[in-house]
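Here are the chains, one letter per residue:
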Amino acid sequence: MAGKKAATLPRKEYEKELLRLQTELVKLQEWVRASGTRLVVVFEGRDAAGKGGTIKRVSEHLNPRVARIAALPKPTERERTQWYFQRYVEHLPAAGEIVLFDRSWYNRAGVEHVMGFCTKEEHQLFLRQCPIFERMLVEAGVLVRKYWFSVSDTEQQERFRRRLEDPLRRWKLSPMDLESITHWEAYSRAKDEMMVHTDISEAPWYVVESDDKRRARLNMIAHLLSSVSYHDVPPPVLELPERPASTGYQRPPRDLQTYVPDHAASL
């Protein structure tokens, strides 16, 4: 029987702890860069489970040259003829990089399998090859962290409703998302089968309860930080130089350039 749902975390406490954790993420980033570490973080879960919002908070203060988001579109006709993992390999990190996969190769275990976008044989081949693929990454020295965001059916339904009514978030909702409501149990079975085959010791799954988005974000980030033995890397010593004396430069007249209208003045 499910336990009692925890109260929503107050915004003030959430923002205070989020800032602390984001500060640690910057330290992690600098350690990754300085040590030449390669870090892969996989975000998976049902539609509207909170993956995207968590990724935004993880990457918010990070250097996009070090930490990048890989959110691949549907495969092209050419990519469909490749080895399944091939198009993901080119997005893996080089030394000193972090890659956050906003969905990943696990598409084949979920939406492709449930919605019939792959054959039964392709699905079974994926379940056999995926643990081998991830073991190869780990053996090559890549740090792999996999998070499954778990949302209840009632909370998912409510988030879909809010997206449908919000013009700023309407783009997040696709016909495929809405169709997933009618395949809830099929997705559940697919997830369970995926976990049986791919929850391996070298790259285990970590489940994030995400009915409360604030708690989910803090819990996921805290766990990621605790799972990596990083340390603070002293930044280079920088000093702000004195501005040199003017040598007579004058800016060109304003009427020689086209300025953006002052929209703010009309507010």
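The shown structure was predicted, so the numbers you read here are calculated from the model rather than taken from an experiment.

Q: How would you summarise the overall build of the protein if you had to cite specific residues and measurements?
A: Looking only at helices and strands, the protein has 10 helices and five strands in total. Overall size of the protein, expressed as C-alpha extent along the three principal axes, is 75 × 50 × 45 Å. A buried classification covers 40% of the 267 residues belonging to the protein. Once local pairs closer than 6 in sequence are excluded, the contacts in the protein between residues at least 24 apart make up 79%.

Q: Before we move on, can you summarise the side chain of Gln22 with the specific residues and values?
A: Among the structural elements, Gln22 can be located in helix α1 (residues 11-35). One polar contact links Gln22 to His61, side chain to side chain, over a distance of 3.4 Å. When residues no more than four places from it in sequence are discounted, the contact partners of Gln22 are Arg57, Glu60 and His61.

Q: Any details on the nonpolar core? Residues and values, ideally.
A: Grouped together as the largest cluster of nonpolar side chains are 31 residues, with contacts concentrated most on Leu28 and Met220. Residue assignment for this core shows that the elements contributing at least two residues are α1, β1 (38-45), α2 (51-59), β3 (97-102), β4 (142-150) and α10 (213-226). Counting residues per element, this core draws most heavily on α1, which supplies seven residues. In this view, Met220 contacts Val41, Phe43, Thr54, Val58, Tyr147, Phe149 and Val208; residues no more than four positions away in its chain are not counted. Phe101, Tyr106, Cys130 and Met195 belong to the second-largest nonpolar core, a separate cluster that totals 25 residues.

Q: Now, about the side chain of Gln156: what can you tell me, with residues and values included?
A: Along the chain, Gln156 falls in helix α7 (residues 153-165). Taking the relative accessible area as the measure of exposure, Gln156 reaches 3% and is therefore buried. For Gln156, the side chain forms a polar contact with the main-chain oxygen of Asp47, separated by 3.0 Å. Excluding residues within four positions of it along the chain, Gln156 makes contact with Arg46, Asp47, Ala48, Val151, Ser180, Ile181 and Trp184.

Q: Go over α1 with me, naming the residues and quoting the values.
A: Between its first and last C-alpha atoms α1 spans 35 Å; for 25 residues at 1.5 Å apiece the expected length is 36 Å, and the two agree. Those residues of α1 that sit buried are Tyr14, Leu18, Leu21, Gln22, Glu24, Leu25, Leu28, Gln29, Trp31 and Val32. Considering only its buried residues, α1 is in contact with β1, α2, β3 and α10. Just beyond α1, the residue with positive phi is Gly36, at close to 75°.

Q: Outline the packing of aromatic side chains, listing residues and values.
A: Here the structure, examined in full by the defined rule, presents 16 aromatic pairs. Centre to centre, the rings of Trp83 and Phe133 are 6.1 Å apart; their planes meet at 80°, and the pair counts as edge-to-face. Placement of the pair is Trp83 in the loop between α3 (77-80) and α4 (86-89) and Phe133 in helix α6 (residues 120-139), with a sequence separation of 50 residues. For Trp83, a relative accessible area of 41% gives the class partly exposed. Overall, the relative accessible area of 5% leaves Phe133 in the buried class. One aromatic cluster is present, formed by Trp83, Tyr84, Phe85, Tyr88, Phe101, Trp105, Tyr106, Phe126, Phe133, Trp148 and Trp205 through successive ring pairs. Over the face of the ring belonging to Trp184 we find Arg46, whose NZ or CZ atom lies 3.5 Å from the ring centre. Lying across the ring of Tyr259, Arg254 places its NZ or CZ 4.0 Å from the centre.

Q: I'd love a proper account of the packing of α2 against α10, names of residues and values included.
A: Orientation of α2 relative to α10, taken along the N-to-C sense of each, is 50°, at an axis distance of 10 Å. As summarised for this structure, α2 and α10 are arranged oblique, according to the angle between their axes. The way α2 lies across α10 gives a crossing that is right-handed. Contacts between α2 and α10 involve Gly53, Thr54, Arg57 and Val58 on the former and, on the latter, Arg217, Met220 and Ile221.

Q: Please set out the environment of Gln250 residue by residue, giving values where relevant.
A: By the secondary structure assignment, Gln250 is in the segment after α10. A residue is classified by how much of its surface remains accessible, and Gln250, at 68% relative accessible area, is exposed. Along the chain, Gln250 and Val32 lie 218 residues apart, while their C-alpha atoms are 44 Å from each other.

Q: Outline the pattern of salt bridges, listing residues and values.
A: This model, assessed by the stated rule, comprises 21 salt bridges. Ionic pairing is found between Glu24 and Lys27, a salt bridge with its closest N-O pair at 3.1 Å. Of this pair, Glu24 and Lys27 both sit in helix α1, three residues apart, which is roughly one turn of that helix. Glu44 serves as the salt-bridge partner of Arg103, at 3.6 Å between the closest nitrogen and oxygen.

Calculation rules
- Residues numbered from 1 in each chain as written.
- Predicted model: local features only at pLDDT ≥ 70, side-chain atom pairs only at ≥ 80, totals over all residues.
- Heavy atoms only, no water.
- Helix = DSSP H or I, 4+ residues; strand = E, 2+ residues; numbered from the N terminus.
- Buried < 20%, exposed > 50% of the residue type's maximum accessible area, 1.4 Å probe, protein only.
- Contact = heavy atoms within 4.5 Å.
- Polar contact = N/O pair within 3.5 Å; in protein donor to acceptor, adjacent residues only side chain to side chain.
- Core = buried A, V, L, I, M, F, W, Y, C linked by side-chain atoms within 4.5 Å.
- Expected span 1.5 Å × (residues − 1).
- Phe/Tyr/Trp six-rings, centres within 6.5 Å; stacked < 30°, edge-to-face > 60°.
- Lys NZ or Arg CZ within 6 Å of the ring centre and 35° of its normal.
- Axes fitted to C-alpha atoms, helices over the stretch in contact; angles between N-to-C directions.
- Parallel < 35°, antiparallel > 145°, perpendicular 65-115°, else oblique.
- Left-handed = near helix turned anticlockwise from the far one by under 90°.
- Salt bridge = Lys/Arg side-chain N within 4 Å of Asp/Glu carboxyl O.

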